[in-house]
Amino acid sequence: MNVELADTRKLGIVTLGAMKQYSRIEMFLGFLRSWYLCYFTPDAARQIQTAAPAQHLNRTGSNLNNVAQYMYRENPAEFKKILADIQTKIPNITKIEPVKLQNGQMVLEFWQDGFEEPFFSQRMSDGTLKLFAYYLLLHERNPRQLVFVEEPENGLYHQYMAKLAVEMKKSAGSGYGKQLFVTTHSPFFVNALSLEEVWVLEKQEDGFSVAKQASSHEFVKELANEGAMVGDLWYSEYFG
């Protein structure tokens with residue numbers, strides 16, 4: 001059946017994806033809508049949101065406590081296990097606990113070395129909040145199928161980057177289950193990756209950029225096989 005759009009400026013996939021007879025287009029539209037770009041900012045995460053549970057983190061992480069409220073509501077025991085796991089990956093944090101306020105809002109308490117009383121998330125450092133947001137993202141029960149993370153190194157101590165990269169690699173699924181793309185300028189992050197996992201955008205003379213896999217450079221591959229770290233080779237301008 002031929003279909004003609006009244007307004008050619010609008011995407012046909014949005015219209016056709018709402019019709020049951022176009023099941024494949026509906027599935028593809030659902031895949032596109034599941035794409036997620038995050039650029040977490042600590043100031044946004046400190047904002048006080050309304051007591052409305054949210055399944056997924058938004059782009060800036062401003063609904064961090066709302067996502068915690070959703071995860072706690074769905075399965076309190078599992079969420080506490082998630083917090084216990086995240087706590088082991090954030091330096092100087094001994095415990096993270098969810099606290100439900102009288103207005104129904106969920107906030108998180110962070111217990112830190114050297115302090116007898118906990119801090120709410122609004123009082124935590126930029127680095128702690130960013131790390132927590134990234135690890136919470138990696139523990140989503142129904143993850144977005146395509147996740148883009150932009151420059152996770154901003155505001156984070158360089159020694160945290162390798163562990164974060166390893167956890168992101170573990171989080172990525174097989175096939176189209178969950179794909180994870182990270183843009184970074186941190187050699188410390190890249191050091192935790194293999195040559196096959198690193199792609200470099202190289203700008204050509206015509207102004208366009210071409211993506212090249214790090215393993216396509218034979219000399220770089222030889223150095224990596226001898227034990228050189230991928231991020232160190234990149235920083236030393238052997239490629240990219």
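Structure: see above.
Heads up: these notes are all about the structure in this document. Just so it is clear, the structure is predicted and the values come from calculations on it, not from any experiment. (Residues numbered from 1 in each chain as written. Predicted model: local features only at pLDDT ≥ 70, side-chain atom pairs only at ≥ 80, totals over all residues. Heavy atoms only, no water.)

1. A look at the packing of helix H6 (residues 126-138) against helix H7 (residues 161-171)
It is at 10 Å that the axes of H6 and H7 come closest, and there the two elements cross at 15 degrees. By the angle class used here, H6 and H7 are roughly parallel. You can see that H6 and H7 cross each other, and the crossing is left-handed. Along the contact surface, H6 presents Tyr134, Tyr135 and Leu138, while H7 presents Lys163, Leu164, Glu167, Met168 and Ser171. Here the contact of H6 with H7 is composed, by residue class, of five nonpolar, one polar and two charged. (Axes fitted to C-alpha atoms, helices over the stretch in contact; angles between N-to-C directions. Helix = DSSP H or I, 4+ residues; strand = E, 2+ residues; numbered from the N terminus. Parallel < 35°, antiparallel > 145°, perpendicular 65-115°, else oblique. Left-handed = near helix turned anticlockwise from the far one by under 90°. Contact = heavy atoms within 4.5 Å. Nonpolar A, V, L, I, M, F, W, Y, C, P; charged D, E, K, R; others polar.)

2. Considerations on the pattern of salt bridges
In the structure shown here, the tally under the stated rule is nine salt bridges. Across the salt bridge formed by Glu197 and Lys169, the nearest N and O atoms sit 3.4 Å from each other. Here Glu197, found in the loop between helix H8 (187-190) and strand S7 (199-203), pairs with Lys169, found in helix H7; they are 28 residues apart in sequence, far enough to count as distant. Note that Glu218 is salt-bridged to Lys221, the shortest N-O span being 3.7 Å. (Salt bridge = Lys/Arg side-chain N within 4 Å of Asp/Glu carboxyl O.)

3. What to know about the side chain of Glu109
Checked against the element boundaries, Glu109 lands in strand S3 (residues 106-112). In this structure, Glu109 is buried with no salt-bridge partner, the nearest side chain bearing the opposite charge being Lys95 at 7.4 Å. In contact with Glu109, not counting residues within four places along its chain, are Lys95, Ile96, Glu97, Val99, Pro118, Phe119 and Phe120. (Buried < 20%, exposed > 50% of the residue type's maximum accessible area, 1.4 Å probe, protein only. Lys, Arg positive; Asp, Glu negative; His and termini not counted.)

4. Here's the deal with the sheet that holds strand S1 (residues 35-38)
In space, the three strands of this open sheet follow the order S1-S5-S6, with parallel pairing throughout. Taken across any chain shown, the strands that pair with only one partner, and hence form the sheet edges, are S1 and strand S6 (179-183). On average, each strand axis in the sheet is tilted by 15 degrees relative to the strand beside it, whichever way the strands run. Pairing analysis gives five bridges linking strand S5 (residues 146-150) to S6, with the strands arranged parallel. Pairing of Leu146 across the sheet is with Gln179, part of S6. (Pairing = 2+ DSSP bridges.)

Purely geometric stuff here, so don't read any function into it on its own.
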